[in-house]
Structures are given as C-alpha cells and as structure tokens.
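Secondary and tertiary structure notes
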Amino acid sequence: MNRRRFFGFLQKEFRHIFRDRRTMLILFGMPIVQILLFGFAITNEIKNVNVAVLDKAHDDVSHDITNRILSSEYFHLYQNLNSEKEIETAFQSGKVKVVVVFENNLAKNIYSKNIGNIQIISDATDPNTANTIVAYTRAILLNYQQDLNKGSKPPAIIQTEVRMWFNEELKGVYLFVPGVMTIIMMLVSAMMTSISLAREKETGTLEALMVSPLKSWQVILGKVIPYLVLSFSITLVTLGLSMFVFHVPIRGNIFLLLGEVLLFVITALSFGILISSIAPNQMAAMLISMMGLMLPTIILSGYIFPIDNMPVPLQVISNIIPARWFISMLRDIMLKGAGWSVVWKDTCVLAFMAVVFLFLASRRFKMKLR
Amino acid sequence: MKQETENIIEAIDLEKKFGSFTAVNKISFQVKRGEVFGFLGANGAGKTTAIKMLIGLWSPTSGKATVAGYDLFTEANQIRKNIGYMAQRFSLYEDLTVIENIQFYGGIYGLRKNILKERAEELISELGMESFRKELIKNIPLGWKQKLALSVAMIHKPKIVFLDEPTSGVDPITRRQFWDLIYKAAEKGTTIFVTTHYMDESEYCDRVSIMVDGRIEALDTPSQLKKQFNAESMDEVFLKLARPTGIQI
Amino acid sequence: MNERVIATNITKSFRSTKALDAVSFSVNEGELFGFIGPDGAGKSTLFRILTTVMNADSGDALVDGFHLKDEIAVRSRVGYMPGKFSLYPDLSVQENLEFFAKVFGTTVQENYSIIKEIYVRLEPFKDRRAGKLSGGMKQKLALCCALIHKPRVLFLDEPTTGVDPVSRREFWEMLGRLKQSGLTILVSTPYMDEASRCDRVALIQKGKILDIDPPGVITKKFPLHVIAVKSDNMQKLRKDILKVEDAESVYGFGEFLHIAMKKENSSTEKIEFFLKQQGHQHTEVKIIEAGIEDCFMHLMEKS
C-alpha cells in the first residue's frame, strides 16, 4: 500500500516535469548553449593579435625581430607607425592591441654597448589579455636574444621553458565544463525543486497532500528523485558533449566523478527543500534560489573568478559554498586524473554539508501549516 | 427611475473570439448616464471578457461600441482616462499606507498636486477613515479596504466605474455600506457597471442584463424581469435563464 | 446521537490577531453543518486545525473519535477540500483523480460508487487538463478528489465562493445527496442564503461563534420584528426610512428595505402612514420572518 502511494506521487512528479516542455527545453538547452559558447566563442587563447610597429632603427635587428613576431601565428601586422604620437591613435582605434617600439640605432647599440632597448606597449583595458600578449611578445624577444648569444660563449643564459600542463592549448572550455555542470545541477536540483514545492503551496494542493497519509519524507523523496534523475541526465549530456565535441578529457575515474556528482546533487536538492520551506510562493522561491544560491555559486565558486585572486574575506566566504569544493574536485578528476587519495578531503567537506542541509531541510519541512 | 436619454455605453454586435471559441457572441446593449447597471451571468458566460473589452484591455473581434462617448476601436486611450475599474481582487497596494495608495492612484491619473491633496482629504473624511490614514493597507479590515478601493477607483471622477464582483466574501453589513457608496456615486451622476454573484444585489440595480453562453439573454429592470419570467426573485430569474438544458459543465 | 466532531475551546492567534477565540461545537453523524461568516472570520483556520494541517494554540477536538494529536488516524478519516480548489492544473481530470486515489492508498475503481454521480458529468472531459476547466467543473473535480478515499468526515472550505448561483445550487444538491449516504459534512461559506441548505449552522465572525442552531431555529429566535418596506421611489425611501421612529436598524434586502423594530413598537400602519405623508406611492409594508442575514447582522451589531 505504502509503496503504491509513493509511486503514485513519483508518477505525478514526472508528469509535471515532462509536461512542462518549455522548462525542459531550457534545462537541456542551456548547458548545450553554454558549452558551445565557452568552447567556440569565449576563449583565453591568443590568436591573430593586431600589432603595430614603430621602427626608428630600420636595421637588421629590428627587421629580424619584426619578422619573427609576425611569422608566429599569434600576431598580425596591422600598421607601421612613424612617430610616438601615432601610438595613442593606434590604440584608440581599438584594433591594435600591442605596439612594439625599436629605438634609434638598435643594432649599433647591441653590438657596441651590448644593450638594445625595445619597448612593448600594450592596451591594458583588458589586463588579462594584455598580460598574455606581453608574455608572448617577450617570449619571442627572448628567443631572439638566445639566438644572438649563440655565437658568443658566456654569458650563460638560463633558459626558461613554459609548458601549460593539463591544458596545453590553454583551452577555456576545459576550465568551464566543470563550472557549467555545477551551475546546471544547482539550477535543476535546488531551484526546480523549490519552485515545484512552492507551486503546490500556491495552488493549495500541498494542503490537500497534508491531510493524506503521505509522510513528509515521502513527499520530500518524491520531489527529490525526479530532479535527481533529471539533473543526472543533464550532467551526462553536458559531459558527453564536452568530451565528443571539444575533446575535454576525463583523465580520472568516471565512476568517482559520477559519485561526486551524486553527492553534490543531494546537497543542492536539500537546499531546494530548505528554500521551499521558507518561500511562500514560486516567485519567492525563484528569487531566493537566484540571489541566495546561483549568484554566490557563480561568483564565489571559482567557476569564473579564480579563488586565489579574491580578497581574503571573500576567500573565507567561498569555503561555505558547496560548489567551490565540487568544482575543484571536478577539475582534479577530469583534467588532472586525480584519484580518491586526492579528492577525499574535499569529498568529506561536501558530504558534511550535504548531511547538514539534509538535516535542516527535513527538520523544517513539515506536513503542517504555520 | 432616471429619464435621461444619453447613452454612456453603447454596444452593437460586440464580439470576441479566442481561436474557434466565441467568448462574447454579438452582444448589443445601452447603458444610460447615471444608471446602476447590473451585469450578471454564470461563470464562463463571458462577463469578464465583455468588461475587459469595454475598459479597453482587449480589443473586440468585431462589432461597434462607444464608451463615455469614445470609440472602443480608435480611442481606447481616451476611454481609459474616463473610466474607473475595480477588479475582483481589489487593486490596492498592501504594503503602502491608505494615503500613499490614494496619492499613487491620483498620480497615475494625472491629478495635480493641490487637487490631489484636496481630493485625498475629501475622500478620507467621506469614508470616515481619518484614523487609518497612515495605516498599511494589509492592516486594515477587509470592509474598509473594499470601500477605499472603490473610492480610489473614482478618484479622477470618471464618468463610468466598472466593478467586477466587488462584494464577494464581505460581511453583510459592509456589503450594504458598500452599496450605499455606489448609490452616492450614482446620485452624483457617475454610471455604475457592476457584476455580482449575490442575487439580492441585482435588485439594487436600475437595470440588469443576464449573460448566458456569450449572449445577453435578458435585459430589463429587476421588476420587469421578474414579471417576464414569472419569478418571485431575481435568483429565480437567474436560475430559469442560466440553468442549461443539456449537459451540465 | 453519535458525535463525529467535538471541538472544545479551539484558539489560534497569528501574531497579534486572534483568528479563533475559544471555539467550541459538535457535529453529529450524517449532519450537514455550515459555518457561515465573511472572509477573515476564521473559517479556514478552523478547518485547517480540524484536519490537522495546522496546530491550534490551545484547545482540542475529537474527529471521528480521535484526538487531533493522533494525526495519522484523523487524516485517514477526513476528506478536505481547501479554499482554492486544490488541483494540479497541468494534470488531466482523470490523472488528478487517480493521483489522489493512489496517495490515499486506494483506487478509483474501488470507491467509484461514491463519486459516480458527480463524476459522470466530468467524464466527457476526463482527458482535459484541470487548469482548462470552468469554475463549476473544477469545484466538482475537487470534490471528487476529496471523496475518493471514502472519508468519514468531509471538510469543504468555501466550496462555492466565486461560483455562479447555478453551480452553487447544484453543488448544494450534491452535498444533500452525499449526506444521505451517512457522510458527515462540515462546510464553510460567506453566502448567508446558503444557510438554509444546512441541518445546523454556526454563525462565525472575527474568530467567535455568534450562534449555533438549525437555521430555522436561529431565525425564530430573532428578538425583533422585521418589517419589509417597498415603494415606487426606493432612492427616496432609503433616506426617508431613516426618520422612522424606533427603528433599530435599516438594511436593503433585494427589492425591499428591512426595518428591524422592537416587537412592542412595531406597527405596519404607522409606517405606512408615515410613508404616505412623505409622498410615497404603491407602498408595501409587511412584517416578515427574519432571514439568516437579518440575524447575522443583528448579532454582529450586538457583539
């Protein structure tokens, strides 16, 4: 008898979900769009940066260096400048991101005084890009310098070789896939659950359920299971897409990964129940999950902004954001191939949070009106 | 009975279709200036749709109508300036005070500051709500809310007020006080267009129309209607008209 | 007689407002018991407490022999239809019914006989989504859902509010037939004219019960004379009537005005004469039996 009741409830929940085509479309469409966006459009890679050259030297060295810069795939000569005055206009046009200035008599200075000055000026309105561009340019200059020194014996030069591990090509999509997955899970689990419960409050059906022999845990479970299934399948779609379209690797154990996903979904679901026990209607449920959950998750989880670059107070706060632990674990497992020995600590933190929120949610959610 | 001949609402073959469903089926009627006009009908008979057309919220599918002298199709904006509307769930802001609500509604109807101030004082003293003026709407009793909502709907001295089930759920004394307000407004020449589920209230109207399945099936004074349908009360008239013969929906 | 609901001193406050103030009453088996009162009188709160959806601050009740504390026992014995028709708008008529049957651990087939009479009218629309039904149909479906587990006591919170007079009348006819099957029904309504449909009514206002009795008894008890007055000029009459001496109250009732007067002072001749003086014609002045609404207003004024 009892089981029939529960399955009746489950059936109804799935009906709600599948009947609401628009929401389903959004839920499955959003991760796909986001992954595609991050994969194709938004990227931190440097390619075809417009460079302007102010060559006051016009000698072998300046020509050599210019050629080297332009022969790399990163840079593209936009214009040759004739004076310092033109630098500002070049930047203001918005097309030029970096200007390389060669001093007068560059070759002469290098051969006679052993010092040649080359100035790299970059448009730092976007500091991240500017840094990357400058680093690339410098690398080319260093390279040239090494070649120059090849003939002479000392001075010995320390060679630095930079390699980007785990993401050799610096692909943005690698970094963002775990983040997108997290956001979607949060959205489906926490927000959808809380809205679906709040809707029952609004229509008065919750009151009708309260007088039924359904226990509160049955109602909670009945609300949780469908959304668990839903967010799990959306996660699989997201993962599949990023693997097969963008070749995002999963270096670690896939089952460990899915286990962590499950743990996080449970945490998010208990959040959802907690929210719905507070929110009087759908509108409020939506607002609370947006402002109270989604926003901190997006901003403080390291999804977009690296936690190490945050001011200390925010770093401390980020510790109580479940997504922070989850995203870091995802990156460890997917990109670094880390195993249980690495992620067990984070897992414990997340598990602790799940237990606390689940406890709070089941305490607050009563089959009673206040 | 008023003998004025000027029609403040004139509808000819007014029709509204939603897809294949005809909500309002070519209704024609006139409402005279200063009249208390009862607009009755069962749920789903098309009352609300008809009202929403008359106040310019929905445009009719076909037909002709003038409200307060303006054409429903071409001058909907003018109509809105000259009418008042009180929805089923009255449209006062629960988290504003009495005086703030009055000021807000006066403001959106473009009353000048000094006129508004005067009007607000007049309104509060007329309702006897001096002690409530700075009280939040959610804290004042339902009956007062309803009376205030009516006065606010008339703050710009409209020619017609549309009232959609203004008294549902109100206690019997407040209900009557509310009708006293309606009479007062009517005496001043405001036309009242009212829907209600209380059949005794339909007796308070000068004329009553009864809608069934999108059509106006009867329109006359309450006493004439009772004669016409050989009924003791308006309740009986309504039942005789509105109880469908076929399958009950 | 067998008492199905016995409530004693049920009290409930929300912040500073007292929603229910020591409410006591009892309802007999197979009785159709009405709570009549305006919005905010405390009807919904009372029903929520009696169906264990809400806790009372103090007081207790026995519902079909079980204390409110014994939630599971009470819940399995009551049927409850909350104020807003509690249906899932995105589920079809049949799916709604089946869902409530399953949740209560039964099937539609098992208890079909109880709802059959009401449900046959919905059957042609059984695949329509509940959100697309008319008010009257929603009301009937909600009733079916509240009945499907064969409750012993049925609580209907304002089932006729906002529903047109035709549907209302039909609904009461249905309740009358359900009662015949031995079901105990408690129903609340803001419509005073519906009192006559009940075996007994409780008039409730501001959390207090003003009176409990069969509607006929309540009206008999009315201590004053009600004089119905009508003339050719009702607008003038409404003003003139206020000058009638010894009138306790004057209220409009449909096409008449009701004047309540102490029995010893009332005289139709005196009023008729007065109206003639004021220039009224075609006057009708008669002593009538008080209605529930007369009584309710009288009790409201007294309290």
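Residues numbered from 1 in each chain as written. Chains lettered and ligands numbered in written order. Predicted model: local features only at pLDDT ≥ 70, side-chain atom pairs only at ≥ 80, totals over all residues. Heavy atoms only, no water.

1. Examining a nonpolar patch on the surface
All names here are of chain A. Note the threshold: Only residues whose relative accessible area exceeds 30% and that take part in no salt bridge are eligible for patches, with like-charged residues grouped when within 9 Å of each other and nonpolar side chains (Val, Leu, Ile, Met, Phe, Trp, Tyr) grouped when within 5 Å. Each accessible area value is a Shrake-Rupley result obtained with a 1.4 Å probe; residue values ignore everything except the protein chains displayed when judging cover. Salt bridges are counted wherever a side-chain nitrogen of Lys or Arg sits within 4 Å of a carboxyl oxygen of Asp or Glu. Secondary structure is summarised from DSSP: a helix means a run of H or I of at least four residues, a strand means a run of E of at least two, and numbering begins at the N terminus for each. Accessible area is worked out with a 1.4 Å probe on protein chains only. A residue is then buried under 20% of its type maximum, exposed over 50%, and partly exposed in between.
Taken together, the side chains of Met286, Leu287, Met290, Met291, Leu295, Ile299, Ile304 and Phe305 define a hydrophobic patch exposed on the protein surface, amounting to about 720 Å² of accessible area. In this structure, Leu295 sits in helix α11 (residues 282-300). Given the relative accessible area of 39%, Leu295 is considered partly exposed.

2. Quick word on the packing of helix α5 (residues 135-147) of chain C against helix α6 (residues 165-180) of chain C
All names here are of chain C. The condition that has to hold: The axes are straight lines fitted to the C-alpha atoms, using for helices just the contacting stretch, and the angles between their N-to-C directions are given from 0 to 180°. Any angle that falls under 35 degrees is termed roughly parallel, while one over 145 is termed roughly antiparallel, one within 65 to 115 roughly perpendicular, and all others oblique. Should the near helix be turned counterclockwise from the far one by less than a right angle, the crossing is left-handed, whereas a clockwise turn marks it as right-handed. The contact definition used throughout considers only heavy atoms, calling two residues in contact when any of these lie within 4.5 Å. Each residue is assigned to one class: nonpolar for Ala, Val, Leu, Ile, Met, Phe, Trp, Tyr, Cys and Pro, charged for Asp, Glu, Lys and Arg, and polar for all the others, Gly among them.
With their axes 10 Å apart at the nearest point, α5 and α6 run at an angle of 20° to one another. Relative to α6, the element α5 is oriented roughly parallel. As α5 runs across α6, the sense of the crossing is right-handed. Contacts between α5 and α6 involve Gly136, Gln139, Lys140, Leu143 and Leu147 on the former and, on the latter, Ser167, Glu170, Phe171, Met174 and Leu178. For the contact of α5 with α6, the per-class residue count stands at five nonpolar, three polar and two charged.

3. Comments concerning the interface of chain A and chain C
Operational definition: Buried area counts how much accessible surface, traced with a 1.4 Å probe, disappears from two parts once they are put together, with both parts' losses summed. Here a polar contact is recorded for every N or O atom pair within 3.5 Å, except that within protein the pair must consist of a potential hydrogen donor and a potential acceptor, and residues adjacent in sequence are included only if both atoms are side-chain atoms.
Contact residues are listed per partner, giving 29 residues for chain A and 32 residues for chain C. A combined buried area of about 2,700 Å² lies between chain A and chain C, and 58% of that area is made up of carbon and sulfur atoms. If you sort the residues of chain A by the area they bury against chain C, Arg19, Val211 and Lys368 of chain A come out on top, with a joint share of 24%. In this assembly, chain A and chain C are joined by three salt bridges. Counting across the chain A and chain C interface gives 12 residue pairs in polar contact (both at pLDDT 80 or more). It is helix α1 (residues 2-19) of chain A that contributes the most residues to the side of chain A that touches chain C, nine residues altogether.

4. Quick notes on the packing of helix α13 (residues 322-336) of chain A against helix α14 (residues 340-364) of chain A
Residue and element names in this part refer to chain A. Relative orientation of the contacting elements α13 and α14 amounts to 155°, with a least axis distance of 9 Å. In terms of orientation, α13 lies roughly antiparallel with respect to α14. Seen from above, α13 lies across α14 with left-handed handedness. Across the interface between the two elements, Pro322, Trp325, Phe326, Ser328, Met329, Asp332 and Ile333 of α13 pack against Val342, Val343, Asp346, Thr347, Val349, Leu350 and Met353 of α14. Grouping the amino acids of the contact of α13 with α14 by side-chain chemistry returns 10 nonpolar, two polar and two charged.

5. Let's talk about the arrangement of the chains
There are two pairs of chains in contact here, and the one with the most contacts is chains A and C. One finds no contact between chain A and chain B; the C-alpha atoms of the two approach each other to within 16 Å at their closest.

6. Things to note about the nonpolar core
Worth spelling out the cut-off: The term nonpolar core refers to a set of buried residues drawn from Ala, Val, Leu, Ile, Met, Phe, Trp, Tyr and Cys, joined through side-chain atoms within 4.5 Å.
Ranked by size, the top nonpolar core spans 168 residues in total, and within it Phe25, Leu50, Leu143 and Leu186 of chain C carry the most contacts. The element contributing the most residues to this core is helix α7 (residues 172-203) of chain A, with 17 residues. What Leu186 of chain C contacts, discounting residues up to four positions off in sequence, is Val5, Phe25, Val27, Phe33, Phe35, Phe47, Leu50, Val153, Leu154, Phe155 and Leu156 of chain C. If you look at the next biggest cluster of nonpolar residues, it comprises 54 residues, including Val36, Tyr105, Val152 and Val208 of chain B.

7. Quick look at the confidence of the model for chain B
All names here are of chain B. In plain terms, the rule: The predictor rates its confidence in each residue with pLDDT, a number between 0 and 100.
Across chain B, pLDDT averages 86, with 94% of residues at or above 70. Averaged pLDDT values for the elements of chain B fall to 84 in helix α9 (residues 234-242) and rise to 94 in strand β8 (residues 191-195). Low confidence marks residues 245-249, where pLDDT is under 50. Its contacts with residues over four positions away, or in another chain, come to seven contacts.

8. Structural notes on helix α5 (residues 106-113) of chain A
Residues and elements named next belong to chain A. Stated precisely, the cut-off is as follows: Relevant arc is that of directions from the helix axis to the C-beta atoms, nothing else.
Listed in full, the buried residues belonging to α5 are Leu106, Ala107, Asn109 and Ile110. Projection of α5 onto a plane perpendicular to its axis shows the buried side chains occupying an angular sector of 165°, all on one side. For α5, the exposed residues set more than 90 degrees away from the buried face come down to Lys108, Tyr111, Ser112 and Lys113. Packed against the buried residues of α5 are α3 (60-71), β3 (98-102), β4 (118-122) and α6 (127-149). Phi turns positive one or two residues past the end of α5, at Asn114, with a value near 70°.

9. Comments concerning the packing of aromatic side chains
Two aromatic rings, taken as a pair, are described by how far apart their centres are and by the angle between their planes. Let me state the cut-off plainly: For Phe, Tyr and Trp, rings pair up if their centres lie within 6.5 Å, where Trp contributes its six-membered ring, and each pair is then called stacked (planes under 30 degrees apart), edge-to-face (over 60) or tilted (otherwise). The rule is short: NZ of Lys or CZ of Arg within 6 Å of the ring centre and within 35 degrees of the ring normal puts a charge over the ring.
In total, this model carries 28 aromatic pairs over all chains according to the counting rule given. With a centroid separation of 4.3 Å and 5° between ring planes, the pair formed by Phe264 of chain A and Phe326 of chain A is classed as stacked. Here Phe264 of chain A is found in helix α10 (residues 254-278), whereas its partner Phe326 of chain A is found in helix α13, with 62 residues between them in sequence. Phe326 of chain A carries the same exposure label as Phe264 of chain A, and that label is buried. With centroids separated by 5.6 Å and ring planes inclined at 85°, the aromatic side chains of Phe35 of chain C and Phe47 of chain C adopt a geometry described as edge-to-face. Linking Phe35 of chain C in strand β3 (residues 32-36) with Phe47 of chain C in helix α1 (residues 43-50), this pair joins segments that are 12 residues apart in sequence. On the basis of relative accessible area, Phe35 of chain C is assigned to the buried category, the value being 0%. Exposure remark for Phe47 of chain C: the relative accessible area of 0% places this residue in the buried category. Of the aromatic side chains, those joined through ring pairs into one cluster are Phe29, Phe37, Phe39, Phe162 and Phe193 of chain B. Positioned over the ring face of Trp58 of chain B is Lys52 of chain B, at 5.3 Å from the centre of the ring. Note that Arg238 of chain C overlies the ring of Tyr183 of chain B, its terminal NZ or CZ placed 3.7 Å from the centroid.

10. Considering the sheet that holds strand β4 (residues 58-63) of chain C
Residues and elements named next belong to chain C. Put simply, the rule is: Any two strands with at least two DSSP bridges between them are considered paired.
The four strands lie next to each other as β2-β1-β4-β5, forming an open sheet whose pairing is antiparallel. Looking at strand neighbours, the two that pair on one side only are β2 (17-28) and β5 (66-67), the edges of this open sheet. Sheet topology note: the strand β1 (residues 3-14)/β2 ladder contains eight bridges and is antiparallel. What sits directly across from Ala7, in β2, is Phe25. Seen against the sheet, α1 touches β1, β2 and β4 and runs at an angle of roughly 120° to β1.

11. Let's talk about the interface of chain C and chain B
On the side of chain B, 32 residues touch chain C, which itself brings 33 residues to the contact. When chain C packs against chain B, close to 2,900 Å² is buried across both sides, 56% of that on carbon and sulfur atoms. Where chain C packs against chain B, one counts five salt bridges. With its nearest N and O atoms 3.4 Å apart, the salt bridge here joins Glu187 of chain B to Lys239 of chain C. Inspection of the region where chain C meets chain B yields nine residue pairs in polar contact (both at pLDDT 80 or more). When residues of the side of chain C that touches chain B are traced back to their parent elements, those giving at least two are α5, α6, α8 (234-240), β12 (247-253) and α10 (292-302) of chain C. For the side of chain C that touches chain B, the element with the highest residue contribution is α6 of chain C, accounting for six residues. Its residues placed into classes, the side of chain C that touches chain B shows 14 nonpolar, six polar and 13 charged.

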